[in-house]
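The chain contents come next:
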Amino acid sequence: EAVAVEWMLEFACSCLCRHFVEKSEAEFGRWRDVAQALINGLSQIPPHQKKTVYLCQFLIRIAQGKNLGLHFENDQRISPLESALSFWTLLEREEIKLAKLHEDIRRLIQIQIVAVHVENRYFKEAAEVLERLFTDSESDKPLRVKLATVIKTKDPYVPLLQSFSYSLLISKVKSYIKLFMKENETNFLIQEATKYVASEGLGTTTLQNRPVEDNENDKSYLKTKKRFVLSIILLRDVLGHCCHDVDYLLFWIYINCLLGLNNMHNVGKNEVSLACGRRRQRWTHQEDLKLKRGVKEFGVGHWAKILVHGNFNNRTSVMLKDRWRTLSKIK
């Protein structure tokens, strides 16, 4: 169940990111509800999924940034953007390589928190927000002084707010999302399914070569294994078309894979022996050619995508990465 929730949350986050970038409000709203339900169901956030959860919560709030009537926190004074800033701070702690982009987005959020209040003529609330936003550090002082001046002038069209507009904030957030999506390809289901198949010795070669025995348990085992492998192949083919209108189709195909996983687990409990783990095998010339073609088509680093489209025999994305490193040294 925990694995299923992880996969569904990753998928929901991927959809949220894509629909935010594409400005698909209806689709974003649909996946917002899915993501929120999954997050609410977590008793605690697994360490490796903190970034995913924080990003979902951040996007949900940024999307409603100008709606001062909507509250995500118990404290009714906290606007959606101020709530978003708290999750952005958590995101910053999870990664350090995008320091400049992090800083830009944080400053833009701070400016727009004040700007949205000023635009709605909530000047008193804007002054209170300013007190909450900034510490007494010297690095914050210049921006704090400028924003205090904006509040005093009561003019939402001052150059500062025009230069650091809400549209610029959204643009910067989209830049971050695109980097996130590039590093977290939407074929994570394939990656995880491949890992599972590899760890349990359930590759298609094993499926084809395993001798069939005349007992009911073995027949059930093979039937379940075929169902699981076929589900993965179907998922691979659909993902390969990169169709944006198949979110729910993918979701149900994926659920089918999970059912296969669950049945496998039960079969294991019934003491049906699983095939042996993968043995170390030499790379063939044909495999090297497939790898080179894959790198040429998808680029270095897209190992999971290359793995899926290259139809490699009993390999993992990590193996592809290691082999490419070896080939590069030879070259």
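What you are looking at is a predicted structure, and each value in this text was computed from that prediction instead of being measured. (Residues numbered from 1 in each chain as written. Predicted model: local features only at pLDDT ≥ 70, side-chain atom pairs only at ≥ 80, totals over all residues. Heavy atoms only, no water.)

Caption draft 1: Geometry of the overall build of the protein. When helices and strands are counted, the protein shows 16 helices and 0 strands. Each of the 331 residues in the protein was classed as buried or not, and the buried ones make up 45%. For the protein, the share of sequence-separated contacts (at least 6 apart) that also reach a separation of at least 24 residues comes to 67%. (Helix = DSSP H or I, 4+ residues; strand = E, 2+ residues; numbered from the N terminus. Buried < 20%, exposed > 50% of the residue type's maximum accessible area, 1.4 Å probe, protein only. Contact = heavy atoms within 4.5 Å.)

Caption draft 2: Examining the side chain of His 102 more closely. Among the structural elements, His 102 can be located in helix H5 (residues 99–119). We classify His 102 as buried; its relative accessible area is 3%.

Caption draft 3: Just the nonpolar core, in detail. One finds Leu 55, Phe 58, Leu 59, Ile 105 and Leu 169 to be the most contacted residues of the largest nonpolar core, which totals 61 residues. Apart from residues no more than four positions distant in its own chain, Leu 169 is found in contact with Ile 62, Leu 81, Ile 105, Leu 108, Ile 109 and Gln 112. Grouped together as the second largest cluster of nonpolar side chains are 9 residues, Trp 303, Leu 307, Leu 320 and Leu 327 included. (Core = buried A, V, L, I, M, F, W, Y, C linked by side-chain atoms within 4.5 Å.)

Caption draft 4: Focus on the state of the cysteines. Tallied over the entire structure, the rule returns 0 disulfides. Free cysteine Cys 13: the closest other cysteine sulfur is in Cys 56, separated by 3.7 Å. A residue is classified by how much of its surface remains accessible, and Cys 13, at 1% relative accessible area, is buried. (Disulfide = S-S within 2.5 Å.)

These figures come from the coordinates and say nothing about function on their own.
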